[in-house]
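So you can see what is in the structure, the chains are spelled out below.
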Amino acid sequence: AALFQILKQPEFSFEWFMLSLIYSGLDPADIAAAHFGDFEELVLQNGRCYTMLVTQRARKLNDRYSTVSATNPEFPLQKFRRIVIVPWAEEILLQRLKQLREKGLSDAQIHDMRLSDEAPGGAIVGPAEISDRLRRVLKLAGIENPGTIRTGKKGHAYRQNIPADISLLLADAQHLAKR
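Throughout what follows, the structure given in this document is the object of discussion. (Residues numbered from 1 in each chain as written. Predicted model: local features only at pLDDT ≥ 70, side-chain atom pairs only at ≥ 80, totals over all residues. Heavy atoms only, no water.)

**Here's the deal with the pattern of salt bridges**
Item 1. If you walk through the whole model with that rule in mind, you get 13 salt bridges.
Item 2. Note that Asp-30 and Arg-57 form a salt bridge whose closest N and O atoms lie 2.8 Å from each other. With a gap of 27 residues between them, Asp-30 in helix 3 (residues 28–33) and Arg-57 in strand 3 (residues 56–61) connect regions that are remote in the sequence.
Item 3. Its relative accessible area of 1% is what places Asp-30 among the buried residues.
Item 4. When the shortest N-O distance is used, the salt bridge between Arg-48 and Glu-41 registers 3.9 Å.
Item 5. Taken together, the salt bridges that share partners define one network made up of Asp-27, Asp-30, Arg-57, Lys-79 and Arg-81. (Salt bridge = Lys/Arg side-chain N within 4 Å of Asp/Glu carboxyl O. Helix = DSSP H or I, 4+ residues; strand = E, 2+ residues; numbered from the N terminus. Buried < 20%, exposed > 50% of the residue type's maximum accessible area, 1.4 Å probe, protein only.)

Given below as structure tokens:
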């Protein structure tokens, strides 16, 4: 609960947006490569939803980031997928778009921005930077290295420590997706 209280504060709106994308099925490498223009709005009988076809990932080559697309043999095929933005994350996406427009950005500029950009035309904010920012928020929320009770192959319970970083958030998102 403390994590979400912190993320709802205006100074953490970027991290709140990143977390909403993670809970929608993207990982930091997907987020760093995707653009706002990659979202597709599906109009349904009872409303709408946003989806995205994941076709690129960011990777670090020497000192800078670049993207690898699904047409490149180095792209991990299992990462090629369509995700649906979960309903609560849709509100955060719309708030992020509103914030960018309030900064004076046009829809065309926003369309071409990466999801991890704080302003158009900057260097790629990569997966490591996204993870670092989220790790700092986890620490502020008092989440260090939580333990999870697991059951071994022979039925014995044991505690597995999960580092308080992006892997914890991804594990939680996967757990919720199975429900």
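**A short note on the sheet that holds strand 2 (residues 47–54)**
Item 1. One open sheet holds the three strands; their spatial order is 1-2-5, and the pairing between them is antiparallel. Every other strand in the sheet has two partners, leaving strand 1 (39–44) and strand 5 (81–84) as the edge strands with one partner each. Here the strands of the sheet are splayed against their neighbours by 30 degrees on average, with no regard to which way each runs.
Item 2. Where strand 1 meets strand 2, six bridges bridge the pair, whose relative direction is antiparallel. The residue bridging Val-43 from the neighbouring strand is Arg-48, located in strand 2.
Item 3. Its contacts with the sheet place helix 4 (residues 87–102) against strand 1 and strand 2, and it is angled at close to 80 degrees to strand 2. (Pairing = 2+ DSSP bridges. Axes fitted to C-alpha atoms, helices over the stretch in contact; angles between N-to-C directions. Contact = heavy atoms within 4.5 Å.)

**A few points about the environment of Gln-109**
Item 1. With respect to the helices and strands, the residue Gln-109 is situated in helix 5 (residues 107–112).
Item 2. Of the residues examined, Gln-109 reaches a relative accessible area of 36% and is grouped as partly exposed.
Item 3. Between the C-alpha atoms of Gln-109 and Gly-37, which are 72 residues apart in sequence, the distance is 9.7 Å.
Item 4. Polar contacts involving the side chain of Gln-109 include one to the main-chain amide nitrogen of Ser-106, which spans 2.8 Å. (Polar contact = N/O pair within 3.5 Å; in protein donor to acceptor, adjacent residues only side chain to side chain.)

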